[in-house]
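# Residue-level structural notes
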Amino acid sequence: MNYPQNQRTGRLAELSVERLFTSWSWTVGRDHIDTGYDFFVEPDVATFRGHRFLVQVKGTVRSKRGFVARVGRDRLRQYASNPLPIFLIWSSSEGVLHWLHIQAWIQRNERRLKGNGEAGVRMSQEQVLDDRDSFQAYLKEVFKPAAQSRSALPALAQERSSYLSSIDHRIGVRVGLSDGRECYEIYAKSENAEIGLELKLADDADNKRNFIEAVQYGVPVSVNVDLFRMNSEVFSAIGFSDSKGTVSIRPVSDKPVVATLYPGSGYSMLASAYSIKANLYRGQVGFAITNEGLDDVVEFRLLSENPSSTSRAVKVVMSLRSDVLASKPIQCLEALGVLGAWAYESMERKGVYLDLTFDQHRVSMRASGDAVDLLHPFFYNAYVMGRLHKVAKALNSSFIVDEEFTLTEAEVADLGLAYRLLKGERVNVDLGPLVFDTALPVALAQSGEFVVQTAIDLSLRNRPFGTVPVEISLKGYTLEACTDKPLKYRLVKGEGGSAILYFRSSELTLVSSHGDTKGATSGESQPS
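All figures in this text were calculated on a predicted structure; none of them were measured in a lab. As a convention, each chain's residues are numbered from 1 in the sequence order in which they are written. Where local features are concerned, this predicted model is filtered to residues with pLDDT of at least 70; where side-chain atom pairs are given and counted, the filter is 80 or more; whole-chain, interface and lining totals use all residues. Only hydrogens and water are removed before side-chain values are computed, so all heavy atoms of the structure are retained for them.

Running from amino to carboxyl end, helix α11 (residues 370-395) crosses helix α12 (residues 409-423) at an angle of 50°, the nearest separation of the two axes being 10 Å. In terms of orientation, α11 and α12 fall into the oblique class. In terms of crossing hand, the pair formed by α11 and α12 is left-handed. Facing Y380, V384, R387, L388, K390, V391, A394 and L395 of α11, the residues of α12 in contact are V412, L415, A418, Y419 and L422. Residues of the contact of α11 with α12, tallied by class, amount to 11 nonpolar, no polar and 2 charged. Lines fitted to C-alpha atoms define the axes, with helix axes restricted to the stretch in contact, and inter-axis angles between N-to-C directions lie between 0 and 180 degrees. Numbered from the N terminus, helices here are DSSP runs of H or I no shorter than four residues, and strands are runs of E no shorter than two. By definition in this entry, angles of less than 35 degrees are roughly parallel, angles greater than 145 are roughly antiparallel, angles of 65 to 115 are roughly perpendicular, and the rest are oblique. Each crossing is labelled by how the near helix is turned from the far one, with a counterclockwise turn of less than a right angle marking it left-handed and a clockwise turn marking it right-handed. Residue contacts follow a heavy-atom distance rule, with two residues in contact if any of their heavy atoms lie within 4.5 Å. Throughout this entry, Asp, Glu, Lys and Arg are counted as charged residues, while Ala, Val, Leu, Ile, Met, Phe, Trp, Tyr, Cys and Pro are counted as nonpolar. The remaining residues, Gly among them, count as polar.

Given below as structure tokens:
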């Protein structure tokens, strides 16, 4: 016998495959040396434009295990790395040729490639080579240009991710696309992975200070670097070797914390309080608490050395977030009302008590003296913005501040007067002659008590803010006729006279920051 049975079966299967492809007028060839494949095949050039695929033929005499071909695992690993499509064609004992795109099978069964020996590759009963239309339709999908495939980008990203993740056993890479460019998420494959890093900071004082704070206190920062280099070939593969730009540094873990601020030197149930949701970070010498990235009208940052330090230093930075203040009408920022009350009491008591709550624990800190003096500008701004919010809400004003919003001393005084009136206070004012017109003559009086109804139009930054209706109670004023015009009179303050200004709650006139003031003034005042 020239051919052992298994060799004869394999050879007959190869001849069947070659004969079938040749009958379709497809080119079938062999390499001069054994490369691990039986054929290379070039299908119809008019349809497939010169694309080729490789074929590995398996034949069997018996099918005890069903439609299963035995393939060496080392051969499967070779198939996985080949850029050309490879089809495993298996001839059953009945001579029926079944086909399988082996790389697609490998993607679904990557774990089967590990180790030595053979792996059983289950063939599909439905995928038979005699069905030319079905096989040719599959080839069209395989050779379809990437731009025409709906799954091209995810598939390519996954393939790119697998390749980059295979370069360094310490580093994994996820690849995506953003604005037409590759973007990468790089992560450590294990918690104890160590990768060398070389940074050269840009020569800027603030930049260096931010980096030092990141190392010492663990606070998230972004720094500018003139050189960024990591000890891994992965970064060279993605074109990120010896780069420059901005590096964001953030600890791998943080802890939510609530920072509650009280006025004075200790907790009081009756005092105003302001709570801030933040995160706790730890560094080499201490810890940081910051609400960066969280939604609040206040930007809060606290840097503290560890309690074990011999001379513990604590740094607190607070400011109003101008972008949040300008995001909506001031009356809608409810937090400002609470913040303003706390800031006013903190200035009055000249101290701040800080209560930190996390993991069902509380830690307290106190600030007084010079530390409070440093925070005084923030207290004052918060107090003014709190008053602004409350007055805007009382008047239903649609006023929106801009990011460069500031008030003059005169505007702050006007705002304070409006706040006192709306709160119900009766305010003594020094009011000069009050001139007005009438429709009919009025009997003159040497001295008496008068009540004037008018309104205060409040404007800030040359924009209308709101109108406060008021009454003025005048005592010890004299009614006089003006000589320059008939039916024109004036009220003149006499010796011992007084004027009391208060809110007229029976009528509330509103103003929109985009509209015109409504209402009329019953008289005009000339300061004394």
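Moving on to the packing of aromatic side chains. The rule is short: rings of Phe, Tyr and Trp, with Trp giving its six-membered ring, pair when the centres are within 6.5 Å, and they are stacked under 30 degrees, edge-to-face over 60, tilted in between. Taken as a whole and judged by the stated rule, the model has 29 aromatic pairs. Between the aromatic rings of W26 and F53, the centroid separation amounts to 6.4 Å while the plane-to-plane angle is 80°, which identifies the pairing as edge-to-face. Of the two residues, W26 sits in the loop between α1 (5-23) and β1 (27-29) while F53 sits in strand β3 (residues 53-59), which places them 27 residues apart along the sequence. Each member of the pair, W26 as well as F53, is classed as buried. Judged by centre distance (5.1 Å) and plane angle (85°), the ring pair of Y262 and Y267 falls under edge-to-face. Cluster of aromatic residues (ring-pair linked, three or more members): F21, W24, W26, F48, F53, F87, W99, F135, Y138 and F143. Positioned over the ring face of Y187 is R174, at 4.2 Å from the centre of the ring. Only Lys NZ and Arg CZ are tested; either one counts as a charge over a ring when it is within 6 Å of the ring centre and within 35 degrees of the ring normal. The ring of Y502 is capped by R426, whose NZ or CZ atom sits 4.3 Å from the centre of that ring. Throughout, exposure labels follow a simple rule: accessible area from a 1.4 Å probe, protein chains only, divided by the maximum for the residue type, with under 20% read as buried, over 50% as exposed, and the rest as partly exposed.

Glancing now at the pattern of salt bridges. Each reported salt bridge corresponds to a side-chain nitrogen of Lys or Arg within 4 Å of a carboxyl oxygen of Asp or Glu. Using the criterion set out here, one finds 21 salt bridges in the structure. Here R209 and D206 are joined by a salt bridge, their closest N and O atoms 2.7 Å apart. Note that R209 and D206 are positioned in helix α7 (residues 205-217) at a spacing of 3 residues, about one turn of the helix. By sharing partners, the salt bridges in this structure join R11, E14 and R30 into a single network.

Now for the sheet that holds strand β12 (residues 243-249). Pairing within the open sheet is antiparallel, and its 3 strands lie in the order β10-β11-β12. The outermost strands of the open sheet, each flanked by one partner alone, are β10 (197-201) and β12. Taking the axes of each pair of neighbouring strands and ignoring which way they run, one obtains an average angle of 50° across the sheet. One ladder, built from 6 bridges, connects strand β11 (residues 221-230) with β12; its direction is antiparallel. Bridging from a neighbouring strand, N224 pairs with T246 of β12. Taken strand by strand, α7 contacts β10, β11 and β12, and its axis lies near 85° from that of β11. At least two bridges found by DSSP between two strands are what make those strands a pair.

Let's shift gears to a negative patch on the surface. On the surface, E292, E299, D323, E403 and E404 cluster together into a patch of negative charge. Note that E404 resides in the loop between α11 and α12. The exposure class assigned to E404 is exposed, which follows from its relative accessible area of 64%. Candidates for patches are residues over 30% relative accessible area with no salt bridge; among them, like charges are joined within 9 Å and nonpolar side chains (Val, Leu, Ile, Met, Phe, Trp, Tyr) within 5 Å. Working definition of accessibility: Shrake-Rupley area with a 1.4 Å probe, residue cover restricted to the visible protein chains. Residues scored as positive are Lys and Arg, those scored as negative are Asp and Glu, and His as well as the terminal groups of each chain are ignored. The atoms used to mark charge sites are NZ of Lys, CZ of Arg, CG of Asp and CD of Glu.

For strand β18 (residues 351-358), the buried fraction is high: 7 of the 8 residues fall into the buried class. With 6 bridges connecting them, strand β13 (residues 255-263) and β18 associate as antiparallel partners. For A259, the partnering residue across the bridge sits in β18 and is L356. Strand direction decides the pairing type here: β18 and strand β19 (residues 361-368), joined by 8 bridges, are antiparallel. Within β19, the position partnered with F358 by the bridge is H361. Once β18 ends, the chain turns through 2 residues before running back antiparallel as β19, passing D359 with a positive phi of about 50°.

Functional significance is not addressed by these values, which are geometric in nature.
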